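Below are the chains, spelled out letter by letter.
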Amino acid sequence: MYKTIIIEDEYHLREALSIMLEMIAPDKIQIIGYAESADEAAKLIDRLQPDLVFMDIMLKNGTGFDVLQKISHRKFHLIFTTAYQEYAIRAFKFSALDYLLKPIDTEELKIAIDRISGLKERFFEEQQISELSHNMHKTPQRIILPTQEAMHVVKISQIMHCETSGSYTTFYLNDGKKIMISKPLKNYESILLPPDFFRVHQSHLINTQYIVSYSREGMIEMENGASIPISRAKKEAFFKLMREE
């Protein structure tokens, strides 16, 4: 059972989330407390030491970021809840943090619970929170790539290309480093966008700034020597992008 705290400043949303959790995960979730302000939330987390926290970003007298700066107990799974869309989604994905959009969808909530059930560690990194706070207000310049060994903070401009295999994606950086993470390429196609990035093939996403040459036959040579195919379905859009640059 995950001892769970819900931090949300709107009563009806707190109640709705509580009911949903009781319906979909009665054997996994034990709700032990609620808070609606930043000060109250910080005190509650340190006093009850939960395993899981659902955290709204905007709270009474502060934000979720304020709460996280105040607490000493940090060994818990963290899932943000937010009403913001588009730019907020990109911010969360760049920061590699879990989030749910309000109004919360039952199936998305179930997926989130199942995901944390498969994780051994119950903590989040300071760097993730710092990056999220920054990315909520400015265009992201860095991305966090989580592996079993570490949280890799990578400048977006360092990414030369990405290659996917099943549910894994390998990032190739301009210093020769490779980082493999256990997420499919589609998770990153939605945030690494044209004109700098382009998915030229089902298995490949490239940074167009590192292209050395490309052929009409459909092959791209990258600065690191990699030869990457362009799929038939992507040829027209890719050539058009190259003409516009």
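A brief structural summary. (Residues numbered from 1 in each chain as written. Predicted model: local features only at pLDDT ≥ 70, side-chain atom pairs only at ≥ 80, totals over all residues. Heavy atoms only, no water.)

Here the focus is the overall build of the protein. Regarding its fold elements, the protein presents 8 helices and 17 strands. Out of the 245 residues in the protein, the part that is buried amounts to 46%. Looking at the protein as shown, the accessible area adds up to about 13000 Å², and 49% of this sits on carbon and sulfur atoms. The protein carries 30 positive and 34 negative side-chain charges, and their two centres are separated by 3 Å. (Helix = DSSP H or I, 4+ residues; strand = E, 2+ residues; numbered from the N terminus. Buried < 20%, exposed > 50% of the residue type's maximum accessible area, 1.4 Å probe, protein only. Areas by Shrake-Rupley, 256 points an atom, 1.4 Å probe, with all protein chains shown as cover. Lys, Arg positive; Asp, Glu negative; His and termini not counted. Charge placed at Lys NZ, Arg CZ, Asp CG, Glu CD.)

Ranked by internal contacts, the top residues of the largest apolar core, which has 25 residues, are Ile7, Ile45, Met55, Val67 and Phe80. Of all elements in the fold, only strand E1 (2–7), helix H2 (38–48), strand E3 (52–56), helix H3 (64–70), strand E6 (77–82), helix H4 (87–95) and helix H6 (126–135) reach the threshold of two or more residues within this core. With 5 residues, H2 is the largest single contributor of residues to this core. Among residues more than four places away in sequence, those in contact with Ile7 are Ala35, Ala41, Ile45, Val53, Phe54, Met55, Asp56 and Leu59. (Core = buried A, V, L, I, M, F, W, Y, C linked by side-chain atoms within 4.5 Å. Contact = heavy atoms within 4.5 Å.)

Bringing the sheet that holds E1 into the picture now. Strand order across the open sheet formed by 5 strands is E2-E1-E3-E6-E7, with parallel pairing between neighbours. Edge positions in the sheet fall to strand E2 (29–35) and strand E7 (98–101), since each has one partner strand and no second. When strand polarity is set aside, the average angle formed by the axes of neighbouring strands in this sheet is 25°. Where H2 meets the sheet, its contacts fall on E1, E2 and E3, and the angle it forms with E2 comes to roughly 140°. Here helix H5 (residues 106–117) sits on the sheet in contact with E1, E2, E3, E6 and E7, set at roughly 170° to E7. (Pairing = 2+ DSSP bridges. Axes fitted to C-alpha atoms, helices over the stretch in contact; angles between N-to-C directions.)

A large share of E1 lies buried, amounting to 5 of its 6 residues. As paired elements, E1 and E2 share 6 bridges and run parallel to each other. From the neighbouring strand, Thr4 faces E2, where its bridge partner is Ile31. Between the parallel pair E1 and E2, the chain is carried across by helix H1 (residues 11–24), and the sense of this crossover is right-handed. Looking at chain direction, E1 and E3 are connected through 4 bridges and run parallel. Considered in E3, the bridge of Ile5 is made with Val53. (Right-handed = clockwise from strand over helix to strand, strands pointing away.)

Quick look at the sheet that holds strand E13 (residues 197–201) now. The sheet built from 5 strands is open, its strands ordered E12-E11-E10-E14-E13 with antiparallel pairing. In this open sheet, the two edge strands, each paired with only one partner strand, are strand E12 (178–181) and E13. Going from strand to strand, the sheet's axes swing by 20° on average, the running direction of each strand aside. With 4 bridges connecting them, strand E11 (residues 168–173) and E12 associate as antiparallel partners. Looking at E12, one finds that Thr169 is bridged to Ile181. Relative to the sheet, helix H8 (residues 232–244) contacts E13 and strand E14 (204–207), its axis offset from that of E13 by approximately 150°.

What follows is about the packing of H1 against H5. To characterise two packed helices, one gives the angle between the axes of the helices and the distance between these axes. Between H1 and H5, whose axes approach to 10 Å, the crossing angle comes to 65°. Between H1 and H5 lies a crossing whose hand is right-handed. Side by side, H1 and H5 meet where Leu17, Met20, Leu21 and Ile24 of the first sit next to Thr106, Leu109, Lys110 and Ile113 of the second. Of the residues in the contact of H1 with H5, the class split is 6 nonpolar, 1 polar and 1 charged. (Left-handed = near helix turned anticlockwise from the far one by under 90°. Nonpolar A, V, L, I, M, F, W, Y, C, P; charged D, E, K, R; others polar.)

Moving on: the side chain of Thr82. Turning to its location among the elements, Thr82 is positioned in strand E6. What makes Thr82 buried here is its relative accessible area of 1%. Sequence-distant contacts of Thr82, that is, excluding residues within four places in its chain, are made with Ile57, Phe92, Leu100, Leu101 and Lys102.

As a further point, take the pattern of salt bridges. As enumerated under the stated definition, the model contains 11 salt bridges in all. One salt bridge connects Lys70 with Asp39, and the closest N-O pair in it is separated by 2.4 Å. Of the two residues, Lys70 is situated in helix H3 and Asp39 in helix H2; the sequence distance between them amounts to 31 residues. Residue classification places Asp39 among the partly exposed positions, given a relative accessible area of 34%. The partner of Arg142 in a salt bridge is Glu131, and the shortest N-O contact between them spans 2.3 Å. Placement of the pair is Arg142 in strand E8 (residues 142–146) and Glu131 in helix H6, with a sequence separation of 11 residues. Linked by salt bridges that have partners in common, Glu8, Asp56 and Lys102 make up one network. (Salt bridge = Lys/Arg side-chain N within 4 Å of Asp/Glu carboxyl O.)

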